[in-house]
Amino acid sequence: MENVVHEALLKGVEMHRAGQFNLAKQLYSSVIEIEPKQPDANHNIGVIEMDSGNIAAAIPFLGAALEENPDNGQYWVSFIDALIRLNAIDEARDMLIKAKQRGAKGEQF
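Below is a summary of the structure that appears in this document.

What counts, and at which threshold
Residues numbered from 1 in each chain as written. Predicted model: local features only at pLDDT ≥ 70, side-chain atom pairs only at ≥ 80, totals over all residues. Heavy atoms only, no water. Helix = DSSP H or I, 4+ residues; strand = E, 2+ residues; numbered from the N terminus. Buried < 20%, exposed > 50% of the residue type's maximum accessible area, 1.4 Å probe, protein only. Contact = heavy atoms within 4.5 Å. Areas by Shrake-Rupley, 256 points an atom, 1.4 Å probe, with all protein chains shown as cover. Lys, Arg positive; Asp, Glu negative; His and termini not counted. Charge placed at Lys NZ, Arg CZ, Asp CG, Glu CD. Salt bridge = Lys/Arg side-chain N within 4 Å of Asp/Glu carboxyl O. Expected span 1.5 Å × (residues − 1). Arc of directions from axis to C-beta. Polar contact = N/O pair within 3.5 Å; in protein donor to acceptor, adjacent residues only side chain to side chain.

Here we come to the overall build of the chain. When helices and strands are tallied, the chain shows 6 helices and 0 strands. When the elements of the chain are put in sequence order from the N terminus, they spell out α-α-α-α-α-α. Dimensions of the chain along its principal axes, counting C-alpha atoms only, are 40 × 25 × 25 Å. Within the chain, the proportion of its 109 residues that are buried is 38%. Pairs at least 24 apart in sequence give 39% of the contacts found in the chain among residues at least 6 apart. Put simply, the chain shows about 6,600 Å² of open surface, and 50% of that area lies on carbon and sulfur atoms. Each charge class in the chain was averaged separately, 10 positive and 16 negative side chains, and the resulting centres sit 5 Å apart.

Taken as a whole and assessed by the stated rule, the structure comprises 5 salt bridges. Measuring nitrogen to oxygen at the nearest pair gives 2.4 Å for the salt bridge that ties Glu-49 to Lys-25. Of this pair, Glu-49 sits in helix α3 (residues 39-51) while Lys-25 sits in helix α2 (residues 21-34), and the two are 24 residues apart along the sequence. Its relative accessible area of 7% is what places Glu-49 among the buried residues. With a closest N to O distance of 3.0 Å, Arg-93 and Asp-90 form a salt bridge. On the criterion of helical spacing, the pair formed by Arg-93 and Asp-90 is a turn pair, its members being 3 residues apart in helix α6 (residues 89-101). By relative accessible area, which is 46% here, Arg-93 ends up partly exposed.

The terminal C-alpha atoms of α6 lie 18 Å apart, and with 13 residues this matches the ideal 18 Å at 1.5 Å per residue to within 8%. Within α6 the residues assigned to the buried category are Ala-92, Met-95 and Ala-99. Down the axis, α6 shows its buried residues gathered within 65 degrees of arc, on one side only. Exposed side chains of α6 directed beyond 90 degrees from the buried face belong to Asp-90 and Gln-101. Looking at the buried side of α6, the elements it contacts are α4 (55-68) and α5 (73-85).

To continue, consider unusual backbone geometry. Here Asn-87, not a glycine, exhibits a phi torsion of approximately 65 degrees, which is positive. Secondary-structure assignment places Asn-87 in the loop between α5 and α6. On the basis of relative accessibility, which here comes to 60%, the residue Asn-87 falls in the exposed class.

A few words on α2. Taking 1.5 Å of rise per residue, the 14 residues of α2 would be expected to cover 20 Å, and the 20 Å separating its terminal C-alpha atoms lies within 8% of that figure. Every buried residue of α2 is accounted for by Ala-24, Tyr-28, Val-31 and Ile-32. Down the axis of α2, the buried side of the element spans an arc of 100 degrees, and every buried residue falls inside it. Within α2, the exposed residues directed more than 90 degrees away from the buried face are Asn-22, Gln-26 and Glu-33. Taken together, the buried residues of α2 touch α1 (2-17), α3 and α4.

So, about the side chain of Glu-49. Side chain to side chain, Glu-49 and Lys-25 meet in a polar contact 2.4 Å long. Dropping the residues within four chain positions of it, Glu-49 is found in contact with Lys-25, Asn-54, Ile-55, Ala-57 and Ala-58.

Right, dumping it as structure tokens:
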């Protein structure tokens, strides 16, 4: 089953990069059906939702990714970006502080 998840993720990323967002989202969703907490699939669906202007719909997916793998800096960046786009500035500031407390570094932070 792990191989199926891996292959679906790879194909999803390929479709995502090719601009075939609906296919990518379907592949990521199939991964989540098998592994609901799979961070990459959750994050990537969140990114697709954000890129589609569905910021509020992105939050649960981005949050799931961050909860499962809080050491991934990109997950923090995406989640904070979504909060800013929702004008939830205080929450975004709190998340930025948490990210830095967990050791997040770099220009994004």
